[in-house]
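# Observations on chain architecture
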Amino acid sequence: MNFNFFSLFKKNSSELYVPDSILVKRVKSLSKNSNLRVFSNINIYLHRQSYNIDLLVYDYSRGLYIFEIKKWSFDDLKNATITKAENQEHSNNTLAFDKTQEFIKRKFNQITHTDGPKIYNYLLMENLSAEEYEHLDDSFKELLPEEKIIFSDSQTSDIFKKIESEEQVSSIGTTQDLEILLTQYTKLQDNGTFKLCNEQEIAFLNSKLENTTNLASNFHDGKTSLLILKAIIELFEEKAQKIIILKPSILARDIAYKKLLETIEHGLVEFDMNSIEFLTPLELINRHLQKLKKPMIHELASLNPKLLQKSFNIADLIICDDANLLSDSFIQYVTNIQKDKKALFINLTDKEHCLRDSKYCKIHFIETHPLAQTMHLLQKLSLAYDAKDIMVVSSEENKEKLTEDLEHFLHHKTTNVESSKTLLEHNLEDLKLATYNDIYELSTKYIILLDLCDYNEKQIEYALNLATHGAYILYDQTCETIEILKEKYESKQE
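Residues numbered from 1 in each chain as written. Predicted model: local features only at pLDDT ≥ 70, side-chain atom pairs only at ≥ 80, totals over all residues. Heavy atoms only, no water.

## Let's talk about the sheet that holds strand β17 (residues 414-416)
The parallel open sheet is built from six strands, whose spatial order is β15-β20-β19-β16-β18-β17. Pairing within the sheet leaves two strands with one partner each, and these edge strands are β15 (362-367) and β17. With direction set aside, neighbouring strand axes in the sheet form an average angle of 20°. Where strand β19 (residues 444-449) lies against strand β20 (residues 467-475), five bridges are found, and the strand directions are parallel. Looking across to β20, one finds that Thr444 is bridged to Ala467. Of the strands in this sheet, β15, β16 (390-393), β18 (431-434), β19 and β20 are in contact with helix α14 (residues 370-384), which crosses β20 at around 155°. (Pairing = 2+ DSSP bridges. Helix = DSSP H or I, 4+ residues; strand = E, 2+ residues; numbered from the N terminus. Axes fitted to C-alpha atoms, helices over the stretch in contact; angles between N-to-C directions. Contact = heavy atoms within 4.5 Å.)

See the structure below:
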């Protein structure tokens, strides 16, 4: 039997799935006690293309290792010879990964104008041992050298030793190369930078969605960007052709759409921009009513119960963010219209994002004259931080008073946040004044909260968790809400 060098490595669709065999598990285990990162059955996205790699290992000090998995046994190969394909005749590369390397280098060139990290090619022979390899025709040993093959009987230590034999090209680096290569796993954070997702987030992005999926999520920390990545992956893997992401308000919708634009620009991915759409719950309802030629509504409270029984084929997947802030009737409505499609509900957990690191974020409870203390805090914070890093949340009445005081005494430029207005109508680079109903999708370093006794705990929790550095709760008299918050937070900050 004769094998052509090109056809030997040619992929077919049936080989794209990589099972977790014992050998693959051994390679994956390399990441446990080393600086290696291991990804199996990974896709590389560039513009409208998706390129699959069986197994990829990243070494911060050496570069990328590309593994192709083959299941040939000794019986398959024992009477075979191998020759280079005609187009490989003058190549020094003994493993035919040219297309894979070309695709990776093209992505790095278009983003960084360099070829990116060094790339090493390896084979995983699932059913061929090192001893059996010795009995193969010499043509195999010439074109498929032993040092480039992981055999079925290779132990984890053998694999580690083999790949670590490559020359070190740099000191321990960062995740930057992976962030460029695996853009579908790189989320936009609230501070405007991109960061590689952690293992739990990657598992979510790779997960198969059921018809109805309910997930608990921490506050912020790139939550919307993670949902955007999930939508992009669903499109690229052709699991959905139309996706709607629901955000609580017009402003939140616009901010999320801006994050989508920044994400696809960063990752150099392209798709029909009509495939992902951001709507508010009210816009979704009114679009349905318009189709039914019924009068549109102005608030969700007036949702007609009969609408819950109507079908509406609008998207393959609806992602409902901050679902537990919405009414049960609306959740029931989305579940009903998606009964033959898919719906993903993201529910905020009770885990405090603000307190994830008390060294940087602390909640201060101050019994005082709220408006006067707010002016004092704003004066103090503005000396150390940009205006965009500070937000005050209060009742509508106190927001108006603060707007006047800031204009006359501190001469601060302020933005009055109104969630019913578009992003273009706001300057979020200024100090922000908002009510508890207008803060969705915003983020800040420091937040000052007033009028807590007039709002429910869920709204206040959401406001508290907008801050990454610190929060100030100001009140002139205590109430049950404040006592609950003090008991909850003060004990965790001691």
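## Let's talk about the packing of helix α12 (residues 281-291) against helix α13 (residues 328-337)
Where α12 contacts α13, the axes come no closer than 12 Å and their chain directions differ by 50°. One way to sum up the angle between α12 and α13 is to call them oblique. The interaxial crossing formed by α12 with α13 has left-handed handedness. Between α12 and α13, the contacting residues are Pro281, Leu284, Ile285 and His288 on the first element and Phe330, Tyr333, Val334 and Ile337 on the second. Across the contact of α12 with α13, the residue classes tally to seven nonpolar, one polar and no charged. (Parallel < 35°, antiparallel > 145°, perpendicular 65-115°, else oblique. Left-handed = near helix turned anticlockwise from the far one by under 90°. Nonpolar A, V, L, I, M, F, W, Y, C, P; charged D, E, K, R; others polar.)

## Let's talk about helix α16 (residues 457-464)
Counting buried residues along α16, six of its eight residues qualify, which places the element largely inside the surrounding structure. Regarding α16, the residues found buried are Gln459, Ile460, Glu461, Tyr462, Ala463 and Leu464. Its side-chain oxygen placed 3.1 Å from the backbone nitrogen of Lys458, Asn456 serves as the N-cap of α16. (Buried < 20%, exposed > 50% of the residue type's maximum accessible area, 1.4 Å probe, protein only. Polar contact = N/O pair within 3.5 Å; in protein donor to acceptor, adjacent residues only side chain to side chain.)

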